[in-house]
Amino acid sequence: MSKSILLKIENKIAYITLNRPEVFNSFNREMAFLLHDTLDACEKNNDVRAIVLSGNGKAFCAGQDLKEVTDPELNPGFKKILEEHYNPIITRIRNIKKPILGAVNGVAAGAGANIALACDIVVAHEKVSFIQAFSLIGLVPDSAGTYFLPRLIGFQKAQALAMLGDKIGAEEAEKMGMIYKMIPLENFEEDVNKLALKLANMPTLALGKIKEAFNASLTNTLEQQLALESKLQIEAASTNDYAEGVAAFIEKRKPNFKGN
């Protein structure tokens, strides 16, 4: 059985780990398909209320395994790599109605950087770097890099990073709004677990609707977004977690959300 993707579920959290540390967790075809299956399983598992995506070893993910694309016997071609590997990963990350925490534990380059940035909340420790490495080998950013990056940090900065291939440290990434937060290395695992546990104990359906609303806001008009907010708010107000949240507020106690 392949071990290129590891999955551990505890405390309502699914910990998904990219596990090809010998090649800095770069993707080959097998690993991409296994990540698809793992994300699908987490989406369907009602016991999972938050997902953490991280990497094993010194890297989060170095993007595509170039050995695969330079080996005539292994190379699936860029059309298949994009349409069958990376594009489905990004759409899964954005469409799963559960919070996904990108816990960037090491260098995130190329498609690896853009997979991280597609997560709902992204944290990284102080030694991490992000790099849009595509132009350095004559390629174009993929995995929604040209979609999310300008929306996160602005058009001019994003285009410069894509063209120049500059390496950006976690502290600078936080300052420019590329990631939510930089965490000191010595606290990284502990703080990631705390944040994931907080997400897992929040009203899951509401978090999923927040995600849906933010996804739609990237293309909606103001009128369309207002209509969607109304629809989602009415749906959220009918959940058990809303009733529990209101009751806990009135009774001045901590709410016990069940995710329904």
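Notes on the structure follow.

Rules of the game
- Residues numbered from 1 in each chain as written.
- Predicted model: local features only at pLDDT ≥ 70, side-chain atom pairs only at ≥ 80, totals over all residues.
- Heavy atoms only, no water.
- Pairing = 2+ DSSP bridges.
- Helix = DSSP H or I, 4+ residues; strand = E, 2+ residues; numbered from the N terminus.
- Axes fitted to C-alpha atoms, helices over the stretch in contact; angles between N-to-C directions.
- Salt bridge = Lys/Arg side-chain N within 4 Å of Asp/Glu carboxyl O.
- Buried < 20%, exposed > 50% of the residue type's maximum accessible area, 1.4 Å probe, protein only.
- Expected span 1.5 Å × (residues − 1).
- Arc of directions from axis to C-beta.
- Contact = heavy atoms within 4.5 Å.
- Phe/Tyr/Trp six-rings, centres within 6.5 Å; stacked < 30°, edge-to-face > 60°.
- Lys NZ or Arg CZ within 6 Å of the ring centre and 35° of its normal.

Description of the sheet that holds strand β1 (residues 5-10)
Strand order in the open sheet formed by six strands is β1-β2-β3-β5-β7-β10, with mixed pairing between adjacent strands. For this open sheet the edge positions go to β1 and β10 (181-183), each flanked by a neighbour on one side alone. Adjacent strand axes in the sheet meet at a mean angle of 20°, parallel and antiparallel pairs treated alike. Sheet topology note: the strand β5 (residues 100-104)/strand β7 (residues 121-125) ladder contains four bridges and is parallel. What sits directly across from Ala103, in β7, is Val123.

Looking at the pattern of salt bridges
Enumeration according to the criterion identifies 14 salt bridges in this entry. Here Asp65 and Arg20 are joined by a salt bridge, their closest N and O atoms 3.2 Å apart. In this pair, Asp65 sits in the loop between β4 (59-61) and α2 (66-70) while Arg20 sits in the loop between β2 (13-18) and α1 (29-44), placing the two residues 45 residues apart along the sequence. For the pair shown, Asp65 and Arg20 are each scored as buried. For Lys194, the salt bridge identified is with Glu190, shortest N-O distance 3.2 Å. Here Lys194 pairs with Glu190, and both are found in helix α8 (residues 188-200), just four residues apart, close to one helical turn. On the basis of relative accessibility, which here comes to 52%, the residue Lys194 falls in the exposed class. Judged by its relative accessible area of 43%, Glu190 is partly exposed. Connected through shared salt-bridge partners, Arg94, Asp120 and Lys211 make up one network.

Side note on helix α11 (residues 240-251)
In this model α11 runs 16 Å from its N-terminal to its C-terminal C-alpha over 12 residues, within 8% of the 16 Å that 1.5 Å per residue would give. For α11, the full list of buried residues reads Asp241, Glu244 and Ala248. Down the axis of α11, the buried side of the element spans an arc of 60°, and every buried residue falls inside it. Facing away from the buried surface of α11 by more than 90 degrees, the exposed residues are Phe249 and Ile250. Considering only its buried residues, α11 is in contact with α9 (204-217).

Brief notes about the packing of aromatic side chains
What the rule picks out here adds up to two aromatic pairs. Seen from their ring centres, Phe27 and Tyr86 are 5.6 Å apart, and the 80° between their planes marks the pair as edge-to-face. Taken together, the residues span a long stretch of sequence, with Phe27 in the loop between β2 and α1 and Tyr86 in helix α3 (residues 78-95) at a distance of 59 residues. Accessibility assignment for this pair places Phe27 and Tyr86 in one class, buried. Taking NZ or CZ as reference, Lys8 lies 5.0 Å from the ring centre of Tyr15, over its face. The residue whose ring lies beneath Arg151 is Tyr147, and the NZ or CZ to ring-centre distance is 3.9 Å.

The analysis is restricted to geometry; functional conclusions fall outside its scope.
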